[in-house]
Each structure stands twice: as structure tokens, then as C-alpha cells.
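Geometric and topological summary
Here are the chains, one letter per residue:
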Amino acid sequence: MNGAAVVVGGGLAGTLALGALIGQVGTVTVIERDRYPEDPVFRKGVPQGRHLHVFLSGGQRALETLLPGTLAELAAAGAHRMEAPRDVITRTASGWQRRFHEGRHSVLSCTRPLFDATVRARVLAEAARSGTRVEVLEATEAIGLLGTADRVSGVRVRARDAERAERDIRADLVVDASGRSSRAPQWFGELGRPAPREEVVDAGIGYSTQMLRPAEPLDMSMVVEPRPNCPRGAAWSPVENGNWLLTMAGVRGHHPPTESAEVLDFIASLDEPHLHEHVSGCTPVSPPFGYRDTANRRRSYHAPGGVPEGFIAVSDAACTFNPIYGQGMSVAALSALALRDCLVKGGLRPGFAAVAQRAVARASDTAWLTAVGADRPYAAAEDATPPGAAERIQTWYFGRLVARATIDPVVGAAFRDLTHLAAPTSRLLSPAVALRTVLLPRRGGLPTPPLRVEETVR
Ligand SMILES: Cc1cc2nc3c(=O)[nH]c(=O)nc-3n(C[C@H](O)[C@H](O)[C@H](O)COP(=O)(O)OP(=O)(O)OC[C@H]3O[C@@H](n4cnc5c(N)ncnc54)[C@H](O)[C@@H]3O)c2cc1C
């Protein structure tokens, strides 16, 4: 095992990148701006951590391949596993989705602090067993890259204590996992490189999340998706310790409240009396917290010449998604697996960064295409890249398919494979799915929430 790597950001993607690097390189240094709390509680460096974070089956499979046994540890720590569509009922723009046992996919639901702490403990335990020397520098901020326009050779860091001492850490590979607030585009400028091109599709979604405790928990989680005549939605999902998270979302002009007193009015406006009645009977555990930065944003590090030798960007530092689709953590796991696969094929070597960056981008392709395809109709013309002809056709087909998936088990299975990031977008073009999508009539979903599981599915 040769070479030294630095991971900038010790959040979920940084931790999973560490999981990919151990056993493959000689030393890894993780630079994290925050101090990790002793217990799994909210920390400032992950401001989205108060909101509902579900983990899709594509991400679960990647995590289990990278770090076998982690799903069982999450379950033991209190994460709920809910099979879709049996335990997750969803109202789409065309009505309620049918509810039945399919056995293909599930989501994990727990608080983000619990998820991160469990994965982190697992990776650190693996690191201690690996031959890689691992150092985690907490309360330390990366403030720039070392090297030239063509080759990155490390990072400059600053301690966040009173002295604010700066020092250089040399590395053969720098992995930027510093999330949405990554400063790598500016750091590229300081090295004399152009910043990566950015593609932004912003549906203008605002989020608000409150933790509540029901007296009588439901036997399912509920999702009410925004629709054209009511661009507001909500998700209701269990987390650990008997609490549930109510995440509310709305597009511009319909942003959800951040005052407790207004939450029930917002839920009433969704026109789902069952959810409203249930939430009315719950006890608040926290106030609602808002969040606004929800755009889909992809930096073109994966384009030819997009990264210098010795540098890659992963997860939110490279590509963020509208959180309503619950994809970012799964993409972090898929990206880490892609990174490890590249390392296994010959370790750090000349040209590694470009190869690894393309592999990481491929791992996020399905998430990007589905999020952008669904958000185009909501995106404001001024801040969206205009769609080409191919993307307009995709949006049309996707719209029909989403409607059909609500009631059709064949199309629904393909749709779930995609939205759980367990299949590429070509899955939606298989003959059976395409024929049913295009030829069968567009019918609405169920008019009311399916409170019972269907016994036989046709
Ligand atoms: C409201 C909301 C809801 C979401 N819901 C879901 C969901 O249901 N399911 C899902 O899969 N995804 C969801 N996501 C996406 C998910 O939160 C992100 O994809 C995920 O956190 C990305 O992990 P990351 O490690 O790249 O970034 P982060 O989790 O943001 O971590 C970045 C880390 O880098 C550190 N850092 C930053 N700058 C520096 C620096 N200069 N030096 C050192 N350290 C630094 C930070 O302190 C932090 O620890 C949601 C996102 C939002 C905004």
C-alpha cells in the first residue's frame, strides 16, 4: 500500500471516502472543521442534519458492499427499515400509489446524527484493523490547495483554536468531501485553473422539519408529493427513540412555516385529513427548522480535463440534489464504492484522479437525471440551463411514467428501481415498461390513502 491521501470534510461522504481508502493507501488524513460531539446530536457543519434523511436501497447495497454489517448496526441503533411500497405510502401528482408487498426495496429512516455516528464508528473500527495509518484532525479547516494548475500536492489547513496556526499537509490524492459549501472552485482559481462549470436546476423548494412524538404510531410512513395545483408536500417518517420527523416542503411562494403554531395549517392545506388528524394528536419534541438551499447543482469535474492530477471531489462537493428525492447519502455510498473499485484496480497511479472522478460521476448519474427531469417543470427560467430536445422528451416520458407507476406494478417496479438508485435510467426504457407507459391510458391513482396492504397484486 503506497501513497498518502487527505480527505477534506469528515461528514458522511468524507467518512465513506475514508472507508474506501483504508487498505488501499498508506496514510489517510481526514480534515474536519467541527469537533465531533460525543453523542449523536446535531452539529453545525451539517446544517441539513435536522431534516428527515431516508437511505434508499441502492445506497444500502453500496454501503453493505463497502462495509458489511453496517445496516444491521444501524437497525440495532434504532433505524427503521420500511419496505416500499408496503410501508411507505405516497400521494403523487396523480393520486395515491397502491400499497402492496413487492420485496424489492426498502428505506432506512433515522436521524442524520445517528446515521453519521454509526457509520463513522464502523469506518474507524475498520480503519484500526487495516494496515492504513489514519489520522482525523478535528476543529481543523482546509483553506486552500497546494500544488500547481495541473497537479494538486496537498492542502493548507488552519486550526480553529485561539492560535489559528496554519500548516501544509502533503498528499498524493486530495478528496474534497466538504459538502455544499465546498470552496474548491475558488481554490482552483488560486492555482491558476478555471473553476468547474456549474449546471443548476432550482425548483425553489423550501424545507421545514419538526420532530414530534405520536401517542399511537402509524404502521407506515407517509409522503405527500407537491403537485402543480398544490406545490406543497410533506413526509412523515419514524426515527429512533419513539420520535417521528415531519418534513414539509413547498416551492417558491409556498415555503413551509418555521413557527410551530403554523404547522397544522400548512398540513391542512395539503388536503389529506388522515395525516392532519394524526399529526394534530402528536406532541412536539422540537420547533420546526427551515432550510432553503435545495437546488440541483453539478460541477463538471468529470468533464475532460476537469480535475488536476491528485484531486477529486465527491458527493455534495461535486453534485447536490433537490433533497425531496432523498438521494444524497445514497450517492455518497455509491461514490465511495466507485472510488474503492478504482483503487483496487491498481492504487494511486498517474491519471488516477480523472478516472476516479468519472467513476464517481457515473455513480451519481441516475440521481442527477431523475432529480433534474422531475424538477425542470418547476425550475425558474432565469436560473435553469435551458433544456435541450432530448431532455424535453425525457421530461414528457417521465411524466407519463410517474403517473402510470402509481397504479401499474410493472411500471411501478421499474420506477422504484430507479428512484432507489438500484438501476440505471435505461431500466425505464425496457420494452414492457415503455409500451405500458406510452400505450396504456393515463389513469389516476387511488383517491384516498391506502391504509391496508393489498393481498393480491395485478
Ligand atoms: C434539507 C435536506 C434534506 C436531505 N434529505 C436527504 C435524504 O432524505 N436522503 C438523502 O440521502 N440525502 C438527503 N439530503 C442530502 C444529504 O444531506 C447530503 O447529500 C449529504 O449530507 C452529503 O454528505 P457530505 O459529506 O458530502 O456533506 P455534509 O454532510 O454537508 O458534510 C460536509 C462536511 O465537511 C465539513 N467541512 C466543510 N468545509 C470544510 C473545510 N473547509 N475544512 C474541513 N471540513 C470542512 C463540514 O463540517 C461537514 O462535516 C438532504 C439534504 C438537505 C439539504
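Quick caveat, the model's predicted, so the values are computed rather than measured.

Cut-off values and rules
Residues numbered from 1 in each chain as written. Predicted model: local features only at pLDDT ≥ 70, side-chain atom pairs only at ≥ 80, totals over all residues. Heavy atoms only, no water. 1 Å grid on protein atoms, 1.4 Å probe; cavity = no way out; pocket = protein on both sides within 12 Å on 5 of 7 lines; lining within 4 Å. Points joined across faces, edges and corners; volume = space filled by probe spheres on them. Helix = DSSP H or I, 4+ residues; strand = E, 2+ residues; numbered from the N terminus. Salt bridge = Lys/Arg side-chain N within 4 Å of Asp/Glu carboxyl O. Buried < 20%, exposed > 50% of the residue type's maximum accessible area, 1.4 Å probe, protein only. Domains from an automatic or database assignment. Contact = heavy atoms within 4.5 Å. Buried area = accessible area lost by both parts, 1.4 Å probe. Polar contact = N/O pair within 3.5 Å; in protein donor to acceptor, adjacent residues only side chain to side chain. Nonpolar A, V, L, I, M, F, W, Y, C, P; charged D, E, K, R; others polar. Axes fitted to C-alpha atoms, helices over the stretch in contact; angles between N-to-C directions. Parallel < 35°, antiparallel > 145°, perpendicular 65-115°, else oblique. Near = heavy atom within 4 Å. Areas by Shrake-Rupley, 256 points an atom, 1.4 Å probe, with all protein chains shown as cover. Sits in = over half its atoms within 2 Å of the grid points. Pairing = 2+ DSSP bridges. Phe/Tyr/Trp six-rings, centres within 6.5 Å; stacked < 30°, edge-to-face > 60°. Disulfide = S-S within 2.5 Å.

Considering the layout of surface pockets
Of the pockets and cavities examined, the second largest pocket occupies roughly 920 Å³. Together, 46 residues line the second largest pocket, and Gln48, Ser178, Gly179, Arg180 and Asp316 are the ones closest to its centre. Of all the elements in the fold, those that place two or more residues in the lining of the second largest pocket are α1 (12-21), β3 (53-55), β9 (140-147) and α8 (328-344). Among the elements that make up the lining of the second largest pocket, the one with the highest residue count is β9 (4 residues).

Brief notes about the pattern of salt bridges
What the rule picks out here adds up to 27 salt bridges. Note that Arg43 is salt-bridged to Glu32, the shortest N-O span being 3.1 Å. Residue Arg43 is located in the loop between β2 (27-31) and β3, and its partner Glu32 is located in the loop between β2 and β3; the two are separated by 11 residues in the primary sequence. In this structure, Arg43 and Glu32 share a single accessibility class: buried. Among the salt bridges present, the one from Arg104 reaches Asp417, with a minimum N-O distance of 2.7 Å. One end of the pair, Arg104, is in the loop between β6 (95-96) and β7 (105-110); the other, Asp417, is in helix α11 (residues 409-419), and 313 residues separate them in sequence. Overall, the relative accessible area of 6% leaves Asp417 in the buried class. Each member of the salt-bridge network shares a partner with another, and the members are Arg180, Glu198, Asp293, Arg297, Arg299 and Asp316.

Examining the domain arrangement of the protein
According to the domain assignment, the protein consists of domain 1 (4-80 + 110-200 + 295-371) and domain 2 (206-291). Distance between the C-alpha centres of domain 1 and domain 2: 31 Å. Counting residues at the interface gives 15 residues for domain 1 and 16 residues for domain 2. Of the roughly 1400 Å² buried at the junction of domain 1 and domain 2 (both faces included), carbon and sulfur atoms supply 69%. Summed over the three residues of domain 1 that lose the most area to domain 2, namely Arg50, His51 and Leu52, the buried surface amounts to 45% of that side. On inspection of domain 1 and its partner domain 2, the count reaches 0 salt bridges. Taken together, the connections running from domain 1 to domain 2 amount to 6 residue pairs in polar contact (both at pLDDT 80 or more). Grouping the amino acids of the side of domain 1 that touches domain 2 by side-chain chemistry returns 8 nonpolar, 5 polar and 2 charged.

Here's the deal with the packing of helix α2 (residues 57-66) against helix α3 (residues 70-77)
For the pair α2 and α3, the least separation of the axes is 8 Å and the interaxial angle reads 115°. One element, α2, and the other, α3, form an angle in the roughly perpendicular class. Together, Gln60, Leu63 and Glu64 of α2 and Thr70, Leu71 and Leu74 of α3 make up the contact between the two elements. Here the contact of α2 with α3 is composed, by residue class, of 3 nonpolar, 2 polar and 1 charged.

Comments concerning the site of the ligand
Contacts to the ligand come from 34 residues, most closely from Glu32, His53, Arg112, Asp316 and Met329. A distance of 3.2 Å separates a nitrogen atom of the ligand from a polar backbone atom of Arg33. Within the side chain of Ser315, one N or O atom sits 3.3 Å away from an oxygen atom of the ligand. For the ligand, whose free accessible area comes to 1000 Å², the fraction covered by protein is 97%. Spatially, the ligand is embedded in the second largest pocket.

A word on the sheet that holds strand β11 (residues 166-170)
Across the sheet, which stays open at both edges, the 3 strands sit in the order β9-β10-β11 with antiparallel pairing between neighbours. Single-partner strands in this sheet number two, and they are β9 and β11. The sheet shows a mean angle of 30° between the axes of neighbouring strands, direction not considered.

Quick notes on the sheet that holds strand β20 (residues 296-299)
Spatial strand order, β13-β20-β22: 3 strands in an open sheet with antiparallel pairing. Strands with a single pairing partner mark the edges of an open sheet, and in this sheet they are β13 (198-201) and β22 (319-320). Pairing of β20 with β22 involves 2 bridges; the strand directions are antiparallel. The residue bridging Arg298 from the neighbouring strand is Cys319, located in β22. Its contacts with the sheet place helix α9 (residues 352-375) against β13, β20 and β22, and it is angled at close to 135° to β20.

A short note on the packing of aromatic side chains
Taken as a whole and judged by the stated rule, the model has 5 aromatic pairs. Ring geometry for Phe188 versus Tyr301: centroids 5.7 Å apart, planes at 70°, classification edge-to-face. With a gap of 113 residues between them, Phe188 in helix α5 (residues 184-190) and Tyr301 in the loop between β20 and β21 (311-313) connect regions that are remote in the sequence. Exposure class is identical for Phe188 and Tyr301. Each is buried. For the pair Phe188 and Phe311, a centre-to-centre distance of 5.2 Å together with 70° between the ring planes defines the contact as edge-to-face. Of this pair, Phe188 sits in helix α5 while Phe311 sits in strand β21, placing them 123 residues apart in sequence.

Thoughts on the state of the cysteines
According to the stated counting rule, one finds 0 disulfides in the structure shown. The thiol of Cys282 is unpaired, and the distance to the nearest cysteine sulfur, on Cys110, comes to 19 Å. Using a relative accessible area of 11% as the deciding quantity, one classes Cys282 as buried.

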